[in-house]
Amino acid sequence: MKGNRWLFAIAMCVLFATMFVACAAPTPPPPQIVKETVVVQQTVAVPQTVVVQAPTKAPEPTTAPKPAITEIVMADSQSGANFQEYFQKVAIPAIKAATGISVKYLVTNEAEQLEKMKAWKPGAGDVHLYFSKNMAAAVSSGVPFEVLDTTKVPNLAKNDPVELKSAANVDLKGAGAVFWRSSYALVYNSTKVSKPPLSWKEWYDRREEFKGHIGLIRPDAKSSSAWRQRLVFLHAFLGDKMTKPIAELQNDPAFKDAWAKLIDFTSYAKKPLASEPVNLFEDFNAGDTWISLYAQDYTMWSARQGTLPPTMKSVYPTEGADIVEASYMAIPANISDDYKAAAFKVLNYLLSDDSQMRLVSTMFQYPGTNVDPNLIPALVWEYIPKMDALKKTAMPRERQRQDLINYIASKAAELTPK
């Protein structure tokens, strides 16, 4: 019994120990090992290839391109009323159709226009194409003109190189392009004169046949025909003697004879002598004048316009009717480059076969170029002689002398019938 009590005591101790442990604070879990990844950044020197670029230029502001020039100004100091009308009604519309460029047409006085051009600053000129009355005087004035060549104006190759080189013995320095050639001629009403004289000497010999019907302008008139009519008459009888100095020429028996013939011839003219060309035309229309020496182009144009009989024709006397007078277009140097380009284009068209054909067919004015003759209607040559005839008979340029022109003017009283 005593041994069982001992066992019972031990069991009770175990039971109380277990209960004590269960009631005590919970035991913490064993420690855990936590693994973390730590990134350590470190500057490491590594060899590298470095590309260095040049500084980039700052972009320029974008600007719209300049518009193409569509209009230029042409100043004309050469043309009379007939050609002023021609440019405005025929030539300028043709330029527009061919080039797309409009031309503003300005009639001007050469002396005044040259003074304006002298005052221009480079690039500031407001006239882009100039039709000069006297290209030699224009070049001599000191106004700078563009030097023309076939790279700028290809049709310049159609001009006569001799005429491009000089005018009135003045070096043109490449400034001019020949637009037309003109001359005086014997003009006559073919209904009144069926067989015109073919020389001045023949006309003088037949003066009785034309008595009272020879048209002469007064020697003191403003028109150049006042001296041209007398100058070419004298040349017909003097020939090479026309080159003598005026003091020597006046005393030459041949000159005295030619002068006497001129006074005699004048006495057979229609009286009173015409004061101006308009009066000469009135006499033709009235049937009082049958034949005269006058500007061929203006005469034939007027016949087409109805201000002269439509039966007017012309002929060149064998001793010459007048010099071959070239008229020049030029481009001022003191205009902007874009206007120069447009002016070159217009000038090139004016020298084209199409333009030159229009000129001779409409105005009976000789072309300034070697235009293809097949383009010119045959009808034209029924009214005016071909250019070859003019070249063969024209008075040499150096014989159109100012001192002799002045002499004729000083003798106006002798050359005006009472």
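First things first, this report covers the structure right here in the doc. (Residues numbered from 1 in each chain as written. Predicted model: local features only at pLDDT ≥ 70, side-chain atom pairs only at ≥ 80, totals over all residues. Heavy atoms only, no water.)

**Description of the sheet that holds strand β10 (residues 312-315)**
Stage number 1. Taking strand neighbours across the sheet as the criterion, the four strands line up as β8-β9-β7-β10 in an open arrangement whose pairing is mixed. Two strands lie at the open edges of the sheet, namely β8 (214-215) and β10, each paired on one side alone.
Stage number 2. One ladder, built from four bridges, connects strand β7 (residues 184-189) with β10; its direction is antiparallel. Bridged to Tyr188 within β10 is Lys313. (Pairing = 2+ DSSP bridges. Helix = DSSP H or I, 4+ residues; strand = E, 2+ residues; numbered from the N terminus.)

**Things to note about the nonpolar core**
Stage number 1. Trp200, Trp203, Ile214, Leu234, Phe255, Trp259 and Leu404 are the most contacted members of the largest nonpolar core, which totals 67 residues.
Stage number 2. Among the elements that take part in this core, helix α7 (residues 225-238) stands out by supplying eight residues, more than any other.
Stage number 3. Look past the residues within four positions of Leu404 in its chain and what remains in contact with it is Leu231, Met242, Ile246, Leu249 and Phe255.
Stage number 4. Formed by 55 residues, the second largest nonpolar core is a distinct cluster that contains Phe87, Met117, Tyr328 and Ala330. (Core = buried A, V, L, I, M, F, W, Y, C linked by side-chain atoms within 4.5 Å. Buried < 20%, exposed > 50% of the residue type's maximum accessible area, 1.4 Å probe, protein only. Contact = heavy atoms within 4.5 Å.)

**Focus: the pairing of strand β2 (residues 102-107)**
Stage number 1. In the sheet, strand β1 (residues 71-76) pairs with β2 via six bridges, with the strands oriented parallel. For Met74, the partnering residue across the bridge sits in β2 and is Tyr105.
Stage number 2. Running through helix α2 (residues 81-99), the crossover from β1 to the neighbouring parallel element β2 is right-handed. (Right-handed = clockwise from strand over helix to strand, strands pointing away.)

**Here's the deal with helix α11 (residues 296-305)**
Stage number 1. α11 sits mainly inside the fold: seven of its 10 residues count as buried.
Stage number 2. Turning to α11, its buried residues number three or more, namely Gln296, Asp297, Thr299, Met300, Trp301, Ser302 and Ala303.
Stage number 3. Among the residues trailing α11, Gly306 stands out with phi positive, at a value near 90°.

**A few points about the packing of α2 against helix α13 (residues 353-363)**
Stage number 1. Running from N to C, α2 and α13 cross one another at 140°; their axes reach a closest spacing of 11 Å. The crossing of α2 and α13 is right-handed. Packed against α2, whose contacting residues are Asn82, Phe83, Tyr86, Val90 and Ala94, the element α13 presents Ser355, Arg358, Leu359, Thr362 and Met363 at the interface.
Stage number 2. In terms of residue class, the contact of α2 with α13 is made up of six nonpolar, three polar and one charged. (Axes fitted to C-alpha atoms, helices over the stretch in contact; angles between N-to-C directions. Left-handed = near helix turned anticlockwise from the far one by under 90°. Nonpolar A, V, L, I, M, F, W, Y, C, P; charged D, E, K, R; others polar.)

**Here we look at helix α15 (residues 402-410)**
Stage number 1. Residues of α15 that are buried: Leu404, Ile405, Tyr407 and Ile408. Along the axis of α15, the buried positions cluster into a sector of 155°, meaning they face one direction only. The exposed set on the far side of α15, more than 90 degrees from its buried face, consists of Gln402 and Ser410.
Stage number 2. Check the buried side of α15 and you find it contacts α7, α8 (246-250) and α9 (253-266). (Arc of directions from axis to C-beta.)

**Some details on the sheet that holds strand β6 (residues 177-182)**
Stage number 1. Taken in spatial order, the six strands line up as β2-β1-β3-β11-β6-β12 in an open sheet, and their pairing is mixed. Edge positions in the sheet fall to β2 and β12 (366-367), since each of these pairs with one other strand and no more.
Stage number 2. As judged from the three bridges shared by β1 and strand β3 (residues 129-131), these two strands associate in the parallel manner. Counterpart to Asp76 in the pairing with β3 is Phe131.

**Focus on empty space enclosed by the protein**
Where empty space is left can be seen by rolling a probe of water-molecule size over the atoms.
Stage number 1. As enumerated under the stated definition, the model contains two cavities of 30 Å³ or more in all.
Stage number 2. Elements with a minimum of two residues in the lining of the largest cavity: α6 (200-205), α7 and α9.
Stage number 3. For the lining of the largest cavity, the class distribution of residues is six nonpolar, two polar and one charged.
Stage number 4. A volume near 40 Å³ is recorded for the second largest cavity.
Stage number 5. Only α2, α12 (337-350) and α13 provide two or more residues apiece to the lining of the second largest cavity.
Stage number 6. A per-element tally of the lining of the second largest cavity places α2 first, with three residues.
Stage number 7. Of the residues in the lining of the second largest cavity, the class split is six nonpolar, one polar and one charged. (1 Å grid on protein atoms, 1.4 Å probe; cavity = no way out; pocket = protein on both sides within 12 Å on 5 of 7 lines; lining within 4 Å. Points joined across faces, edges and corners; volume = space filled by probe spheres on them.)

**Observations concerning the layout of surface pockets**
Stage number 1. Reported here for the largest pocket is a volume of approximately 1,500 Å³.
Stage number 2. Lining of the largest pocket is provided by 48 residues; of these, Gln78, Ser182, Arg228, Glu325 and Ser327 occupy positions nearest its centre.
Stage number 3. Every element with two or more residues in the lining of the largest pocket is listed here: α2, α4 (135-140), α5 (161-165), β4 (166-167), β6, β9 (291-295), α11 and β11 (325-330).
Stage number 4. Split into classes, the residues belonging to the lining of the largest pocket amount to 20 nonpolar, 16 polar and 12 charged.
Stage number 5. Its volume calculated, the second largest pocket comes out at about 370 Å³.
Stage number 6. Thr369, Asn370, Val371, Met387 and Asp388 are, among the 17 residues lining the second largest pocket, the residues nearest its centre.
Stage number 7. When contributions to the lining of the second largest pocket are tallied by element, the ones reaching two or more residues are β12 and α14 (387-393).
Stage number 8. No other element matches α14, which puts three residues into the lining of the second largest pocket.

**Focus on the pattern of salt bridges**
Stage number 1. With the rule as written, the count across this model stands at 21 salt bridges.
Stage number 2. Among the salt bridges present, the one from Arg207 reaches Asp264, with a minimum N-O distance of 3.1 Å. In this pair, Arg207 sits in the loop between α6 and β8 while Asp264 sits in helix α9, placing the two residues 57 residues apart along the sequence.
Stage number 3. Judged by its relative accessible area of 23%, Asp264 falls in the partly exposed class.
Stage number 4. Note that Glu248 is salt-bridged to Lys244, the shortest N-O span being 3.9 Å.
Stage number 5. Shared partners join several salt bridges into a network, and the residues in it are Lys241, Lys244, Glu248 and Asp252. (Salt bridge = Lys/Arg side-chain N within 4 Å of Asp/Glu carboxyl O.)

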